[in-house]
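This is what each chain is made of:
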Amino acid sequence: MAILKLKEIMACTALAFGLSLSAGQVAAADLCQADGNKVDMKTWVGMKIYDRAFGRGCATCHDVSPNPNLFESVQKLSQDEFGNVLINGRNAMPKAVDSIMAVGPVKKAGYSEDEAIEAVYNYLKCRADGTIPATKLKKMK
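Rules behind the numbers
Residues numbered from 1 in each chain as written. Predicted model: local features only at pLDDT ≥ 70, side-chain atom pairs only at ≥ 80, totals over all residues. Heavy atoms only, no water. Phe/Tyr/Trp six-rings, centres within 6.5 Å; stacked < 30°, edge-to-face > 60°. Helix = DSSP H or I, 4+ residues; strand = E, 2+ residues; numbered from the N terminus. Buried < 20%, exposed > 50% of the residue type's maximum accessible area, 1.4 Å probe, protein only. Lys NZ or Arg CZ within 6 Å of the ring centre and 35° of its normal.

1. Overview of the packing of aromatic side chains
Step number 1: Summed over all chains, the structure comprises three aromatic pairs.
Step number 2: With 5.6 Å between their ring centres and 55° between their planes, Tyr-50 and Phe-71 make a pair best called tilted. You can see Tyr-50 sitting in helix α2 (residues 41-52) and its partner Phe-71 sitting in helix α4 (residues 70-76), a full 21 residues away along the chain.
Step number 3: By relative accessible area, which is 16% here, Phe-71 ends up buried.
Step number 4: When the centroid spacing of 5.7 Å and the interplanar angle of 45° are considered together, the rings of Tyr-50 and Tyr-123 count as tilted. Separated by 73 residues along the polypeptide, Tyr-50 in helix α2 and Tyr-123 in helix α8 (residues 113-128) bring together distant segments of the chain.
Step number 5: Here a set of aromatic residues connected by ring pairs shows up, and it is made of Tyr-50, Phe-71 and Tyr-123.
Step number 6: Above the ring of Tyr-111, the side-chain terminus of Lys-42 is found at 5.7 Å from the ring centroid.
Step number 7: Note that Lys-139 overlies the ring of Trp-44, its terminal NZ or CZ placed 4.4 Å from the centroid.

Here is the structure:
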């Protein structure tokens, strides 16, 4: 309840100061709920995708130069653009959606491809802006 109230206050404050987000750009605070190292289910599944896709996790390649850093990439890409890369691949990156859909928590949650892409996108956005800590996360009860 406090998180929803905080979001309402933030939205009103942004409007009062004439701030707005461009199309396709969403504030990370609107994408995930966090309380310390506890996050909502979708964000937790996003973390599991990031940690387990391709059996080794996304960071295996994306934390190595010259590959794009995903925490920087999601600051520039809309969710649709990000999803397109996961579905179709780009440059040397293979299509990732099959590997994402094979991650245990994705299957257990019964997520569609769109929901799984949204989960990993939300996780990356919230990590990138500091809404959630760079640590192992737990699910909120």
